[in-house]
Amino acid sequence: MSDEMICDGEWLQQAQPGWTAVEFPHEIVQDNFVSGDTNGRRLTVRYFRSDAEACLVAKVLFGPEAQGPPGHAHGGSMAALLDELMGGAAWMSGHMVVSAELTIRFKTMLPLGTRCIMRAQVTAADGRKVRTNSTIYDEEGTVFSEGEALFIELDPKRFGDLAADVSSLLPFQVREPS
């Protein structure tokens, strides 16, 4: 895998029509297993908000340190990305949550270096329970994995300054869990 493939920075930064780049606070990405890879050898992720579809999207490249089967992404790396994206979709919808249950369906093996797009949205919120779904696919539409999750909403005070930092990104006020 070439260095160009490892960090296809130009492709990662290009928003598709209707997408707005999302800059998460430093506390979220610093030393984060999923989005804290600064050398592009594990997972390189760029987040966007799709306002028309009310979802969080991301562009991602799986580098050589995300390898499972030879030449392909490890299923755990795909699961970690889906978990982070679904949690991010919940947070971007105003729900300060943590994962409670995660279901991943692997559809086909994902070759390392593939330009992938991820999409996640909140599908239901009932009291403190927030449900989401997500997909990882390539530019041709090949689906590699799908996920569903149950998140539990916590009091924003439990997240300290991070809650205020994330709230500043939102076009609305974060609600208190019921």
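Source: prediction; values computed, not measured.

### Here's the deal with the pattern of salt bridges
If charged atoms from side chains of opposite charge come close, those side chains can pair.
Okay, step 1: Evaluation of the coordinates by the stated rule reveals 5 salt bridges.
Okay, step 2: Between Asp 51 and Arg 49 there is a salt bridge, with the nearest N and O atoms lying 2.8 Å from each other.
Okay, step 3: Among the residues examined, Asp 51 registers a relative accessible area of 46% and is labelled partly exposed.
Okay, step 4: With a relative accessible area of 25%, Arg 49 lands in the partly exposed category.
Okay, step 5: Of the charged contacts, one joins Glu 53 and Arg 119 as a salt bridge, the two residues approaching to 2.5 Å between their closest N and O atoms. Of this pair, Glu 53 sits in the loop between β2 (43–50) and β3 (55–62) while Arg 119 sits in strand β5 (residues 116–126), placing them 66 residues apart in sequence.
Okay, step 6: One network of salt bridges, in which partners are shared, links Arg 105, Lys 107, Glu 146 and Glu 148.

### Regarding the sheet that holds β5
Okay, step 1: What the 7 strands build is an open sheet, ordered β1-β2-β3-β5-β6-β7-β4; its pairing is antiparallel. What marks the edges here is a single partner per strand, and that holds for β1 (19–21) and β4 (97–106). For this sheet, the mean angle separating the axes of adjacent strands, direction not counted, is 30 degrees.
Okay, step 2: Looking at chain direction, β3 and β5 are connected through 5 bridges and run antiparallel. Its bridge partner lying in β5, Val 60 is registered against Cys 116.

Cut-offs used in this document
- Residues numbered from 1 in each chain as written.
- Predicted model: local features only at pLDDT ≥ 70, side-chain atom pairs only at ≥ 80, totals over all residues.
- Heavy atoms only, no water.
- Salt bridge = Lys/Arg side-chain N within 4 Å of Asp/Glu carboxyl O.
- Buried < 20%, exposed > 50% of the residue type's maximum accessible area, 1.4 Å probe, protein only.
- Helix = DSSP H or I, 4+ residues; strand = E, 2+ residues; numbered from the N terminus.
- Pairing = 2+ DSSP bridges.
- Axes fitted to C-alpha atoms, helices over the stretch in contact; angles between N-to-C directions.

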